[in-house]
Amino acid sequence: MNTFVAVVDAGSFVGAMDSTGLSKPAVSRQVAELEQHLGIRLLHRTTRRLSLTDEGRLYYLRCKEVLAAVREAEDEAGARAKQAHGRLRIGAPHDFGILHLAPLWAQFMALNPQVEMDIVLSDRVVDLVEEGYDMVVRIGNLSASGLVARPLAQTRMVLCAAPDYLARHGAPEQPGDLSRHAVISYSYSSHGDDWRFTHADGQRSSQRVQPRAYANSGATCLALALAGQGIILQPDFLSHAALASGALVELMPSWQAGTIAVHAVYPTRTLLPLKVQLLRDFLAAALQAPPWRQA
């Protein structure tokens, strides 16, 4: 491919000798072998000049892109001699982005001054390729796709309520008791209104709840619970501070709702741009000891 591009750029087999370091017969042979391998003619050859076929023109443009990517990968591998640069579009869940990612962006920008950050917070599942994201942070189970995911952290789902609510309504002791309680439900929950638990002895239970309120924001669910309006099932990255201070109380500790993973998701693992590699590795290191587990 490199030899073929050199021939096109130079306009002749002889002209490609200087840039490739090959003899004219070797240049000619490599292009002929490439055409044989592809099963198409790339060049029209006459005694006076060379010209690209239609297929050759398309292949030439693609080769230029591939060879440029290869050179970039080699530069990055060489002790990362080149600094990351350019616009980096990153998506993240709203509450997680504010609580745990917002404090990290300044550190990443200071380490990579030539990277321009474009940060979008949304709880909906975005299409990375269609919407132009370099990487997104996702929490929860990932659907099968051609995307690549790197685990960053784990967060535990916690059933909790305010002491004021519990003083008025009592505390549920098992999943079936939730049917008699006011609950605040997260609209984007993958299980909807079926709250699932596993007992310490391995027993499983799924309880259908009838929410008093729905919210597409975990922070709103948390605020309603803190005001004594009901029971919530939210990740500890959101509730840990309120639990640590006693503003919320964990319920049914022998029944656990499981943990969910926090992932960095990006379109491909092949020739991943340096800026995305650096952000992925930076977030993995920063969240290795999650702050919500240190409260």
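For clarity, every value in this text was computed on a predicted model and none was experimentally measured.

**Q** What exactly am I supposed to notice about the nonpolar core here?
**A** When a protein is soluble and globular, its nonpolar side chains tend to lie buried together. Of all hydrophobic cores here, the largest spans 42 residues; its most connected members are V137, L279 and L283. The biggest single contributor to this core is helix α10 (residues 274–286), with seven residues. Not counting the four nearest positions on each side in its chain, L283 is found in contact with L101, L104, W105, M135, V137 and L152. Counting 17 residues, the second-largest nonpolar core is a separate cluster that includes A6, L42, L43 and C63.

**Q** Can you help me understand helix α9 (residues 236–245) in this one?
**A** An α-helix turns once every 3.6 residues. As a result, residues three or four positions apart point the same way. Residues of α9 that are buried include every one of D236, F237, L238, S239, H240 and A242, and no others. Along its buried surface, α9 packs onto α5 (94–111), β5 (135–139), β6 (148–161), α8 (218–226) and β11 (231–235). Following α9 by one or two positions, G246 adopts a phi angle in the positive range, close to 90 degrees.

**Q** Sorry if this is basic, but what is going on with the environment of R208 here?
**A** Along the polypeptide, R208 turns up in strand β9 (residues 204–208). Excluding anything up to four places from it in sequence, R208 contacts D193 and D194. Only 3.4 Å separates the side chain of R208 from the side chain of D194, close enough to count as a polar contact.

**Q** Got a minute to help me understand the packing of α5 against α9 in this structure?
**A** Between two packed helices, both the angle of their axes relative to each other and the distance between the axes serve to describe the pair. Where α5 contacts α9, the axes come no closer than 10 Å and their chain directions differ by 60 degrees. Between α5 and α9, the angle falls in the class oblique. Two secondary-structure elements touch here, α5 through D95, F96, L99 and H100 and α9 through F237, L238 and H240. Residue composition of the contact of α5 with α9, by class: four nonpolar, two polar and one charged.

Rules behind the numbers
- Residues numbered from 1 in each chain as written.
- Predicted model: local features only at pLDDT ≥ 70, side-chain atom pairs only at ≥ 80, totals over all residues.
- Heavy atoms only, no water.
- Core = buried A, V, L, I, M, F, W, Y, C linked by side-chain atoms within 4.5 Å.
- Buried < 20%, exposed > 50% of the residue type's maximum accessible area, 1.4 Å probe, protein only.
- Helix = DSSP H or I, 4+ residues; strand = E, 2+ residues; numbered from the N terminus.
- Contact = heavy atoms within 4.5 Å.
- Polar contact = N/O pair within 3.5 Å; in protein donor to acceptor, adjacent residues only side chain to side chain.
- Axes fitted to C-alpha atoms, helices over the stretch in contact; angles between N-to-C directions.
- Parallel < 35°, antiparallel > 145°, perpendicular 65-115°, else oblique.
- Nonpolar A, V, L, I, M, F, W, Y, C, P; charged D, E, K, R; others polar.

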